[in-house]
Amino acid sequence: MKISYDPDLTQVRSAVMNIQRLNHVREVTSGLCYAFQPIISAISGECIGFEALLRGYGESSFSTAEELFDWGYGSGLLLELHNELFCRALKKFSTVDTACKPIMFYNTDIRVIEYVLNKHQFVIDTLFECGMAPDRICYEITEHHACEDYGVLTEAAHSYREFGIRLAIDDFGSGYAGYKLMYELQPDYIKIDRYYIQDIHKTLRKRQFVEHLSRLAHINGAKVIAEGVETAEEFSACRDLGCDYVQGYFIQRPSEDTAVLTDRYEVCPLAEGQRRSCDVNRYPLYASIQEIEPIGLDWSAEQILDSFRNEEAVLHVPVIGPSGEPLGILSESTMRRYVFSYHGISIFRNLLLHQGLEYFITRVLCIEKSSTIDSIMSIIKDAENTTCVMITENGRYAGILDTYSLLKIISERDIAVARDLNPLTKLPGNLEIERVLVSLLTRDLVRTIVCYFDFNWFKAFNDHYGFRLGDRIIGLFAQMLKRYAAAGDLEFIGHIGGDDFFVILPSHMIPHTKAHLLISTIVERFNTEVQSFYDSEDISRGFITAIDRNGIATDFPLMTVCAAAIRYDDVNGPCKLEELSNVLASLKKQAKKAGIVWLTKSSSS
């Protein structure tokens, strides 16, 4: 008997099977819903987006999203599971009523990549139904499973960007081959795992890791999001270490009620203090920014080519997304081959049509306008072939710094620092101390300790033994402080001049008992070691005889060092530099008698 083949029947059976598979997924996930948690600028408090987080596990057989996606992968239903949950999240996200156009950060299992490569029709239909643009979606790629094929991953990343979807690496530092994934994926965002954020203000190694990761991400054109920020101290540390955005309970807990989501979160007075910053160290940065008109993703080939023809002196033209976020640059060297020839123009139009503008974009460093010259220098010195830097303000394009401007700023800064170094100790002098203090004051001095050291009876020693031995004692104390700084116990050391020193203790000196112990140890150690510069007879007597300021021979005790420390706790608003100087001067007089004096400034003071 001959069996006939009916293609229509096969298609019907396939459609029925797909419906059955989708219904099974919906049945398994029927109790699951989405809550949203804001992701905000660490400087301004402005919200850039919300992460969609699954809730309702209590009514299912799964306890985590990872278990759910493992079930989908094992059942061969991963694509259906992804599509169903994405549709559910997007429809709820479309009800978020804010003035800005926030991004929905959506977790995507890395194993989904091979299924959705170049298959965007479902996403297109869902976005169209919800009235949203693709650039308002950011897939968070979780690295809980190893990537099977990085070639497919790279191709998928290009496909996503061409379509307009952004990419992030979620829980960076907790999964497989994180750095390799960052290199291959070239994400728009890096989300640092909560493990490295928890108690970061107390742990030097965590701060070093986050600072290094932030610098590396910025070099590769990515923004950094700190996950799981739960305290003001963690918030401050993440911001100061270069994290662009923060997310966590300190900002807002995930909410299933989209009505409570807003454009801006005044979570900490630090954000206001940062905006009020008057740090003169940033002036050269502002003065050198070139406000070049950016290109949009929707520009035609003729508009793009005309921008280069009309601006012949411009070497780099910025490209921005619909919300003003920087995407990269079109360089004059890249576009030269297309701009000035008939065939080049035709080739450019063809490539733009089939590859999209992403094909021509070069990703460059993006630095927030509020950054100091020091932070910019630390990033640029680690970057290779830096042709320009895109400057942002609250995450949106603000201008460009070209290579010449960067070199000029860095050169002027290096010269100023070199001139300011104390010739005896090679420590920063008054100008650098003032600059650091102004920068510190813009952080509102939350959980900060500053300390002023001064020698007692130093002039008497100098008059009795000579200035050469006096200089050696100053060098001894400077080297002592440098060793503590190398161990991570001091954040900054400055030499005011003569026998006066100024230090800032890092935030990990919390609880403050650690700071008390450290300063006491420094004082006691110096008081012991300095006696080696005295004659044995003077040591046995416990004093030396020298001429006082009135020209009278007087007995002076052996030299010691005193310390005047200010401990700031949750200060409301920044103090003025003059106020801090006056307080330290007053404490110094008390310390001359008491040895060590502490002043605590708190919100109750």
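To keep things clear, this report deals only with the structure shown in the data block.

The sheet built from eight strands closes into a barrel, its strands ordered β1-β2-β3-β4-β5-β6-β7-β8 with mixed pairing. Of the pairings in the sheet, the one linking strand β5 (residues 166-172) to strand β6 (residues 189-192) comprises three bridges and is parallel in character. The residue bridging A168 from the neighbouring strand is Y189, located in β6. The strands touched by helix α7 (residues 178-185) are β4 (137-142), β5 and β6; relative to β5, the strand with the most contacts, the crossing angle is about 175 degrees.

Moving on, we get to the side chain of T29. With respect to the element layout, T29 can be found in the loop between α1 (7-28) and β1 (33-41). The class for T29 is buried, based on a relative accessible area of 0%. A polar side-chain atom of T29 sits 2.8 Å from the main-chain carbonyl oxygen of V25. If sequence neighbours within four positions are ignored, T29 has contacts with L68, L81, E84, L85 and R88.

To continue, consider helix α9 (residues 204-219). Here α9 contains 16 residues, and its C-alpha end-to-end distance of 23 Å stays within 8% of the 22 Å for a straight helix at 1.5 Å per residue. Along α9, the residues classified as buried are K206, R207, V210, L213, S214, R215, A217 and H218. Among the residues trailing α9, G221 stands out with phi positive, at a value near 80 degrees.

This structure, assessed with the given rule, holds 24 aromatic pairs. A centroid spacing of 6.2 Å and a plane angle of 45 degrees characterise the contact between Y34 and Y106, whose relative ring orientation is tilted. Linking Y34 in strand β1 with Y106 in strand β3 (residues 103-109), this pair joins segments that are 72 residues apart in sequence. The exposure classification of Y34 matches that of Y106, with both residues buried.

As a further point, take the pairing of strand β17 (residues 500-505). The buried fraction of β17 is high, at six of six residues. One ladder, built from six bridges, connects strand β15 (residues 448-456) with β17; its direction is antiparallel. Across the sheet, the residue bridging to V450 is I504, located in β17. Across five bridges, strand β16 (residues 492-497) lies against β17 in antiparallel orientation. Pairing of G497 across the sheet is with D500, part of β17. Linkage of β16 to β17, two consecutive antiparallel strands, is achieved through a turn of two residues, within which G498 is found at a positive phi near 60 degrees.

Glancing now at the environment of V112. Looking at the secondary structure, you find V112 in the loop between β3 and α4 (113-116). For the pair V112 and I141, spaced 29 residues apart in the sequence, the C-alpha separation amounts to 9.4 Å. Other than its neighbours up to four places away in sequence, V112 contacts L78 and H82.

Conventions adopted
Residues numbered from 1 in each chain as written. Predicted model: local features only at pLDDT ≥ 70, side-chain atom pairs only at ≥ 80, totals over all residues. Heavy atoms only, no water. Pairing = 2+ DSSP bridges. Helix = DSSP H or I, 4+ residues; strand = E, 2+ residues; numbered from the N terminus. Contact = heavy atoms within 4.5 Å. Axes fitted to C-alpha atoms, helices over the stretch in contact; angles between N-to-C directions. Buried < 20%, exposed > 50% of the residue type's maximum accessible area, 1.4 Å probe, protein only. Polar contact = N/O pair within 3.5 Å; in protein donor to acceptor, adjacent residues only side chain to side chain. Expected span 1.5 Å × (residues − 1). Phe/Tyr/Trp six-rings, centres within 6.5 Å; stacked < 30°, edge-to-face > 60°.

Any link to function would need more than the numbers given here.
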